[in-house]
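What the coordinates show
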Amino acid sequence: MQLAGSSAPSAGHCNTMGTALSMNTIAEALGMSLPGCAAIPAPYRERGQMAYYTGKRIVDMVWEDLTPSKILTREAIINAIRVGSAVGCSSNCPPHLLAIARHAGVEHSISDWLEYGHPMPLLVNCQPAGEHLGEDFHRGGGVQAVIRELAGAGLIEADTVTVTGKSLIDNLALAPDPYVDREVIKPFDEPLM
């Protein structure tokens, strides 16, 4: 119990690449959350700030008629698979993404994980596949750094629209901090695995 408790030092977010951090990563890769949102640890001041900005953005999305059906496309699903595989997401992600796609009316099958996910190198050195914690992933550049690596390798469907109203690639300019800790987030051509 003590070991399990020490792996979750705060409420609300995995400190390893468990289901919460993994699904937050998938949401950001899908374009369904603001850039830089996925890996913020629960007790960080930025988590509350991101919640505020998210609420503001949702109101604007209503005025813009930017609905989930315009964001959740086949290309967005492929991006999520690639990013999820590159970060070493939880094994809970495939069934969750299948359910999301089904509700959105987007074609997606488990074989897509073999086609688009299996060839991805593991770029994130985060437990349980690596050494570092989720907080290090956040501080080291988070999902936006991984998207940058995959985009540089031509592996991001660049024109997918996101909740910002911009593409996933255009969102890279909106990310909070372009710093990348190369001990935690490896370059595409020098992956962890």
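A short tour of the structure in this document, coming up. For clarity, every value in this text was computed on a predicted model and none was experimentally measured. (Residues numbered from 1 in each chain as written. Predicted model: local features only at pLDDT ≥ 70, side-chain atom pairs only at ≥ 80, totals over all residues. Heavy atoms only, no water.)

What to know about the packing of helix 5 (residues 74-87) against helix 9 (residues 142-152)
A pair of packed helices is characterised by two quantities: the angle between their axes and the separation of those axes. The criterion, for reference: Axis definition: a line fit to C-alpha positions, over the contact stretch in the case of helices; interaxial angles, taken between N-to-C directions, run 0 to 180 degrees. Strands are runs of DSSP state E lasting at least 2 residues, helices are runs of H or I lasting at least 4, and numbering of each runs from the N terminus. An angle below 35 degrees is treated as roughly parallel, one above 145 as roughly antiparallel, one from 65 to 115 as roughly perpendicular, and anything else as oblique. It only takes one pair of heavy atoms within 4.5 Å for two residues to be counted as in contact. Polarity classes work like this: nonpolar for Ala, Val, Leu, Ile, Met, Phe, Trp, Tyr, Cys and Pro, charged for Asp, Glu, Lys and Arg, and polar for all others, with Gly in that last group.
Between helix 5 and helix 9, the shortest axis-to-axis distance is 10 Å and the interhelical angle comes to 110°. As far as their axial angle goes, helix 9 and helix 5 are roughly perpendicular. For the pair helix 5 and helix 9, the contacting residues are R82, V83, A86 and V87 in the first and V143, V146, I147 and L150 in the second. Classifying every residue of the contact of helix 5 with helix 9 by side-chain character gives 7 nonpolar, no polar and 1 charged.

A look at the layout of surface pockets
The condition is simple: In this analysis the probe radius is 1.4 Å and the grid spacing 1 Å, with only protein atoms considered; a cavity is a set of points the probe fits into but cannot get out of, a pocket is an open set with protein on both sides within 12 Å along at least five of seven lines, and lining residues have an atom within 4 Å of a point. Grid points are joined across faces, edges and corners, and a volume is the space filled by probe spheres set on the points.
Here the second largest pocket defines a volume of roughly 180 Å³. If you trace the second largest pocket, you find it lined by G84, S85, G88, C89, S90, S91, C93, P94, W113, G117, H118 and M120. Secondary-structure elements contributing two or more residues to the lining of the second largest pocket are helix 5, helix 6 (93-104) and helix 7 (111-117).

What to know about unusual backbone geometry
P128 follows Q127 through a cis peptide bond whose omega is 10°. Following the sequence through the fold, P128 ends up in the loop between helix 7 and helix 8 (134-139). Phi angles above zero are rare outside glycine, and D65 is one such case at about 55°. Mapping D65 onto the fold places it in the loop between helix 3 (45-64) and helix 4 (68-71).

Geometric descriptors of this kind do not, in isolation, establish any biological role.
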